[in-house]
Amino acid sequence: MSDLITQKRCAKCGVVKNIEGFSKNRSTRDGFDGRCKNCRKDFKKFFIDKDKEKKRSVQYYKEHRKNFIQHSKEYYEKHKDKINKYKKQLGLKIREDIADGYVLNILKIKKSDIPTVKEILKELGITLEQLIEIKRQGILAYRERKANAKQCRC
Ligand SMILES: [Zn+2]
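Residues numbered from 1 in each chain as written. Predicted model: local features only at pLDDT ≥ 70, side-chain atom pairs only at ≥ 80, totals over all residues.

With that out of the way, let us pick up the overall build of the protein chain. A tally of regular secondary structure across the protein chain gives five helices and two strands. From first element to last, N terminus to C terminus, the protein chain shows the α and β order β-β-α-α-α-α-α. Sorting the 154 residues of the protein chain into buried and exposed places 11% on the buried side. Considering only intrachain contacts with a sequence separation of at least 6, the fraction spanning at least 24 residues in the protein chain is 55%. (Helix = DSSP H or I, 4+ residues; strand = E, 2+ residues; numbered from the N terminus. Buried ≥ 20, exposed ≤ 12 C-beta atoms within 10 Å, placed from the backbone. Contact = placed C-beta atoms within 7 Å.)

Right under this line is the structure:
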């Protein structure tokens, strides 16, 4: 049957073309692709471009995020003692007050970013949990500073 077909309408561009303009495809009824070769090329290109875009944005994210995370880590190392003191003082309140999701939100880390972030952190030698903890302490230190400043004005 299929050798009788000489022309076909492309499902994408709608142009009726000679059957040479379509790739063979055993899974279709007439034995040829629904889309002409040109449209299939565009389709492929679209996905390849999308893939490139994705890779680029991951790269961008890695480059920028890395600096930020590195900074957080350095901040923590520098103020470790102070931070640990706050931690002790406030104890359990930290957990209730500053949930992981809240910290991730402040770090501007979306759920979909987590695998990338984890990859970056691996390079830096810390875990996501540690990063959250570091930021949490930073938030606490900031709140403490703000509270102290208020007291001073009284
Ligand atoms: Zn077409």
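Now that the structure is up, let's keep going.
The next thing to look at is the nonpolar core. Counting residues in each nonpolar core, the largest one holds nine residues, listed as Ile 69, Tyr 76, Leu 107, Ile 109, Val 117, Ile 120, Leu 131, Ile 132 and Ile 134. For this core, the elements supplying multiple residues, two or more each, are helix 1 (37-90), helix 4 (114-124) and helix 5 (128-153). (Core = buried A, V, L, I, M, F, W, Y, C linked by C-beta atoms within 7 Å.)

What follows deals with the confidence of the model for the protein chain. Across the protein chain, the average pLDDT comes to 77, with 76% of residues at 70 or higher. Taking the mean pLDDT of every element in the protein chain, the minimum, 57, falls on helix 2 (residues 93-97) and the maximum, 95, on strand 2 (residues 16-18). (pLDDT = per-residue confidence, 0-100.)

Take the environment of Pro 115 next. With respect to the element layout, Pro 115 can be found in helix 4. Sequence separation of Pro 115 and Leu 128 is 13 residues, and the distance between their C-alpha atoms is 9.8 Å.

Below, the discussion takes up the environment of Thr 6. With respect to the element layout, Thr 6 can be found in the segment before strand 1 (7-9). In sequence terms Thr 6 and Asn 18 are 12 residues apart; their C-alpha atoms lie 5.9 Å from each other.

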